[in-house]
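Spelled out, the chains give:
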Amino acid sequence: MEKTWRWFGKKDKITLAMLRQIGVEGIVTALHDVPLGEIWTREAIRDLRELIESYGLRWSVVESLPVTETIKYGGPDRDEQIEIYKQSLRNLSAEGIHTVCYNFMPVLDWARTDLLHPNADGSSNLYFSYSEFAFFDIHILKRKGAREDWAAFTFPEGVGEGRDILAEVDALAKEMTPEREHELVENIVIKTQGFVSGNFREDDEAPLEKFRQFLDLYAGIDKAQLQANLKYFLEAIMPVCEECGMKMCVHPDDPPIPILGLPRIVRTAEDIRWFLNAVPNVHNGLTFCAGSLSAGAYNDVVAMAREFAPRTHFVHLRSCHIFPNGDFTEASHLGGRADLIELCRIFEMESPSLPFRVDHGRTMLGDESRGYNAGYSFLGRMFAMAQMQGVLATLEHEKTLAPLPLEG
Ligand code: DNO
């Protein structure tokens, strides 16, 4: 597979010169300065592409070309926004970039409650606590219907047995400090969203108010409607994708559970089967994010990789560990539920040129004070990248070994 790395553009503290030294071949990036919903011009794309190429690297994947909320909830200006999207796709293809990762998650791009959850060895990982997230929903966001939704929430089979989220939220409310409340808003709305989604910015003054307005846009939008809107979007852009050889790859919902009363449509094998069949075109594909999928106890990640490899255009290598109570954390790239070694074998067999990037990674050895984006450390990700390079080199080596004799 092609070894790529998510780089956040000229402002990223991790430079292209650094990436060259650690075995990166391709860059995954976006025009982060273009406001949401505006055309990515050929000039701006070329500018960034040439910068990347001047370091001996290539711009392999766009992550993300954001799909604006109006396309997701089916607002009055969605056709206009789809036209803009198509033009950006044409411009990217004219500059030689042919893989685009996007997501169809309403409002929130991804969610964690703790960005520096300590590991026993002194490093830290991202973490998702159901009770803290429910606390945020009920007491901080004060979403209408939140308490009822959490009262009805059930964990998937095998985890969270006997857990009473509302009782935990009430206990949390007694011990909550203004600092921890502030931190939860930072973690859920600002630090995880500011650098990726375009809906929220790091300097937003009233992020919760904005959040509520976004949520209101989805009143009455259920799973079937959101699926219909994804199909509408994909059918509209497929002719352009065919014409210019563009591979679209939707990112799974992270975490793969229903949250904030919003519909989620890329959580399970059944969901993925649905959207691949709804628009049965090879240009309509998947970002196989092993991390997002492995956070769902119902997902057999290896079986899913086997089934969906032919329609996978981009791979995120990351693995989650689910605790018996249902909370999850991001595990080592050689541990957790995702079995990244087997996934490398499956995807390498499918296509040796398929781009992958290590996703997230530990925060370690001083990463925490260097101002990197949440989940995108340098040393932690480099460590994970080295582990994956080792796995891939081993697989490559195995191919050249003479087969063992059948007997003896
Ligand atoms: C988080 C990322 C996501 C992803 C987008 C793709 O770390 O995996 O932000 O890039 O959802 O559109």
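None of these values were measured; they are calculated from a predicted model.

**Quick word on the sheet that holds strand β2 (residues 26–29)**
Alright, step 1. Around the barrel, 8 strands lie side by side as β1-β2-β3-β4-β7-β8-β9-β12; this closed barrel has parallel pairing. Shown here is a sheet whose adjacent strand axes are inclined to one another by a mean of 30 degrees, direction ignored.
Alright, step 2. Bridge analysis of strand β9 (residues 312–317) against strand β12 (residues 355–358) gives 3 bridges, and the strand direction is parallel. The residue of β12 that forms the bridge with V315 is F356.
Alright, step 3. Running at roughly 160 degrees to β9, helix α14 (residues 340–350) makes contact with β8 (284–289) and β9 of the sheet.

**What about the site of the ligand?**
Alright, step 1. Every one of the 15 residues lining the ligand counts as a neighbour, but E63, S64, D109, H360 and Y376 are closest to it.
Alright, step 2. Here an oxygen atom of the ligand and a side-chain polar atom of H360 are 2.6 Å apart.
Alright, step 3. When isolated, the ligand has an accessible area of 330 Å², and the protein chains bury 100% of it.
Alright, step 4. The dominant element in the shell around the ligand, judged by the number of residues it contributes, is strand β4 (residues 99–103), at 3 residues.
Alright, step 5. In terms of residue class, the shell around the ligand is built from 6 nonpolar, 4 polar and 5 charged.

**As for the packing of aromatic side chains**
Alright, step 1. In this structure the tally under the stated criterion is 21 aromatic pairs.
Alright, step 2. Taking the centre distance of 5.1 Å and the plane angle of 85 degrees together, the rings of F8 and Y376 count as edge-to-face. Taken together, the residues span a long stretch of sequence, with F8 in the loop between β1 (2–6) and α1 (16–21) and Y376 in the loop between β12 and α15 (379–400) at a distance of 368 residues. Exposure class is identical for F8 and Y376. Each is buried.
Alright, step 3. Relative to Y376, the ring of F195 has its centre 5.7 Å away and its plane inclined at 80 degrees; by these criteria the two rings are edge-to-face. Taken together, the residues F195 in the loop between α8 (178–191) and α9 (207–216) and Y376 in the loop between β12 and α15 connect sequence positions 181 residues apart. The same class applies to F195 and to Y376, which are both buried.

**Brief notes about α9**
Alright, step 1. The set of residues buried in α9 consists of P207, L208, F211, F214 and L215. Buried residues of α9, viewed axially, fall in a sector of 115 degrees; they line one side.

**So, the sheet that holds strand β5 (residues 114–118)**
Alright, step 1. Ordered in space as β5-β6-β11-β10, the 4 strands form an open sheet in which the pairing is antiparallel. Across the chains shown, the open sheet's two edge strands, defined by having one partner strand only, are β5 and β10 (320–322). Each strand axis lies, on average, 35 degrees off the axis of its neighbour in the sheet, ignoring direction.
Alright, step 2. Bridging between strand β6 (residues 124–128) and strand β11 (residues 328–330) involves 2 bridges; their strand directions are antiparallel. The residue bridging Y127 from the neighbouring strand is T329, located in β11.

**Focus on the side chain of D327**
Alright, step 1. Position of D327 among the secondary structure elements: in the loop between β10 and β11.
Alright, step 2. Residue classification places D327 among the buried positions, given a relative accessible area of 4%.
Alright, step 3. A distance of 3.3 Å separates the side chain of D327 from the side chain of Y127, its partner in a polar contact.
Alright, step 4. Separated by 2.9 Å, the side chains of D327 and R163 make a polar contact.

**Comments concerning the packing of α8 against α9**
Alright, step 1. Viewed as axis vectors pointing N to C, α8 and α9 meet at an angle of 55 degrees, and their least axial separation amounts to 11 Å. Classed by the angle they form, the pair α8 and α9 counts as oblique. The handedness of the crossing between α8 and α9 is left-handed. Two secondary-structure elements touch here, α8 through V185, V189 and I190 and α9 through P207, L208 and F211.

**Topic: the domain arrangement of the protein**
Alright, step 1. Examined at the domain level, the protein breaks down into domain 1 (2–109 + 221–321 + 332–400) and domain 2 (114–217).
Alright, step 2. Distance from the C-alpha centre of domain 1 to the C-alpha centre of domain 2: 24 Å.
Alright, step 3. The interface is formed by 28 residues belonging to domain 1 together with 30 residues belonging to domain 2.
Alright, step 4. A buried area of about 2400 Å², summed over both sides, lies between domain 1 and domain 2, and 69% of it is on carbon and sulfur atoms.
Alright, step 5. Across the contact surface, domain 1 and domain 2 share 1 salt bridge.
Alright, step 6. Here R362 makes a salt bridge to D121, at a shortest N to O gap of 3.3 Å.

**Here's the deal with the pairing of β9**
Alright, step 1. In terms of residue burial, β9 counts as a mostly covered element, since 6 of its 6 residues are buried.
Alright, step 2. Bridging between β8 and β9 involves 4 bridges; their strand directions are parallel. Within β9, the position partnered with L286 by the bridge is T312.

About the criteria used
- Residues numbered from 1 in each chain as written.
- Predicted model: local features only at pLDDT ≥ 70, side-chain atom pairs only at ≥ 80, totals over all residues.
- Heavy atoms only, no water.
- Pairing = 2+ DSSP bridges.
- Helix = DSSP H or I, 4+ residues; strand = E, 2+ residues; numbered from the N terminus.
- Axes fitted to C-alpha atoms, helices over the stretch in contact; angles between N-to-C directions.
- Contact = heavy atoms within 4.5 Å.
- Near = heavy atom within 4 Å.
- Polar contact = N/O pair within 3.5 Å; in protein donor to acceptor, adjacent residues only side chain to side chain.
- Areas by Shrake-Rupley, 256 points an atom, 1.4 Å probe, with all protein chains shown as cover.
- Nonpolar A, V, L, I, M, F, W, Y, C, P; charged D, E, K, R; others polar.
- Phe/Tyr/Trp six-rings, centres within 6.5 Å; stacked < 30°, edge-to-face > 60°.
- Buried < 20%, exposed > 50% of the residue type's maximum accessible area, 1.4 Å probe, protein only.
- Arc of directions from axis to C-beta.
- Parallel < 35°, antiparallel > 145°, perpendicular 65-115°, else oblique.
- Left-handed = near helix turned anticlockwise from the far one by under 90°.
- Domains from an automatic or database assignment.
- Buried area = accessible area lost by both parts, 1.4 Å probe.
- Salt bridge = Lys/Arg side-chain N within 4 Å of Asp/Glu carboxyl O.

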